[in-house]
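Structural overview
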Amino acid sequence: MSVLDAISRNLTAVRQRISDAAARSGRQASQVRLIAVTKYVGLPEIKALVAAGCRELGESRPQELWEKAAALGTPDSSGTPTWHLVGHLQRNKVRRTLPLAAWVHSVDSVRLLDEIETQAASLGCRPRVLLEVNVSGDSTKHGFAAAQLEPLLPRFAELRSVAIRGLMCMAAREGDLDVARRNFADFRGLRDRLRRVAPENVSLDELSMGMSGDFEVAIEEGATMVRVGSALFEGTD
Ligand SMILES: *Cc1c(COP(=O)(O)O)cnc(C)c1O
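Scope of this entry: the structure provided in the associated data block. These numbers come from a predicted model, not from an experiment. (Residues numbered from 1 in each chain as written. Predicted model: local features only at pLDDT ≥ 70, side-chain atom pairs only at ≥ 80, totals over all residues. Heavy atoms only, no water.)

Side note on helix α1 (residues 3–24)
For α1, which comprises 22 residues, the first-to-last C-alpha distance of 32 Å matches the rise-based estimate of 32 Å (1.5 Å per residue) to within 8%. Within the sequence span of α1, burial applies to A6, I7, N10, L11, V14, I18, A21 and A22. Buried residues of α1, viewed axially, fall in a sector of 135°; they line one side. Residues T12, A23 and R24 are exposed on α1 and point more than 90 degrees away from its buried face. One or two steps after α1, the chain reaches G26, where phi turns positive at roughly 70°. (Helix = DSSP H or I, 4+ residues; strand = E, 2+ residues; numbered from the N terminus. Expected span 1.5 Å × (residues − 1). Buried < 20%, exposed > 50% of the residue type's maximum accessible area, 1.4 Å probe, protein only. Arc of directions from axis to C-beta.)

Considerations on the packing of α1 against helix α2 (residues 43–51)
Contact geometry of α1 with α2 gives a least axis separation of 9 Å together with a crossing angle of 50°. Of the possible angle classes, the one that applies to α1 and α2 is oblique. Along this stretch, α1 crosses α2, giving a crossing that reads as right-handed. Between α1 and α2, the contacting residues are V3, L4, I7 and L11 on the first element and E45, A48, L49 and A51 on the second. Here the residues of the contact of α1 with α2 are counted per class, giving seven nonpolar, no polar and one charged. (Axes fitted to C-alpha atoms, helices over the stretch in contact; angles between N-to-C directions. Parallel < 35°, antiparallel > 145°, perpendicular 65-115°, else oblique. Left-handed = near helix turned anticlockwise from the far one by under 90°. Contact = heavy atoms within 4.5 Å. Nonpolar A, V, L, I, M, F, W, Y, C, P; charged D, E, K, R; others polar.)

Comments concerning the site of the ligand
Contacts to the ligand come from 13 residues, most closely from K39, Y40, S212, G229 and S230. Between a nitrogen atom of the ligand and a side-chain N or O atom of R227, the distance comes to 2.9 Å. (Near = heavy atom within 4 Å. Polar contact = N/O pair within 3.5 Å; in protein donor to acceptor, adjacent residues only side chain to side chain.)

Details of the environment of G222
Take G222: it is sitting in the loop between α8 (215–220) and β8 (225–228). The buried category is assigned to G222, whose relative accessible area is 10%. C-alpha separation for the pair G222 and P151, spaced 71 residues apart in sequence, amounts to 24 Å.

Structural data, given as structure tokens:
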């Protein structure tokens, strides 16, 4: 089977699984966005994915996003994909990233958020961002501590150029779906509590959670964005 055929078949299978999981949670498939994480593959595979109809792409490293987005063409209205940065963003890389990435899922500190605000104002763009929360409490992982967020809401509300749209998390560890489900349910509970007290211009509607090993469970627990990499590229090497 050609790489194009394998990717197209994988994409169809992942979309079907998304739609089945959405139905189990009483939602439409269109309420869950698939972000195809392309960090394992090169341009030919990404082009195959786009040709197969995938329009939202993600990278975890800023430099790779720059290179792949430039090679593919910057976002426009003619079917060129939208890029999501899903991994850690260093402050000195914000200015080069914002023109290319419509979404940043991985805003993990106030200092980073302030830098995004400053650069977005200077570039005249309006990045959509998610606040990454460290749900596992592992100090080697990035993200706000859950308890930090509520006191910061008034400060978030002062942002003029950045649009806060929701929260993002990584499940504690892959493998145990029951643990993942509990993590996702707790995370959604945190989002629901914060949303009740959030100022009007701080939207927490988006929940980015779930990867290849656990995206169906994440959708059942309320994910609006799933970040899927390896499941899309099986059988391509
Ligand atoms: C790599 C990565 C993914 C996708 O992982 P898979 O298990 O390959 O689906 C999702 N989110 C982030 C932040 C990643 O770095």
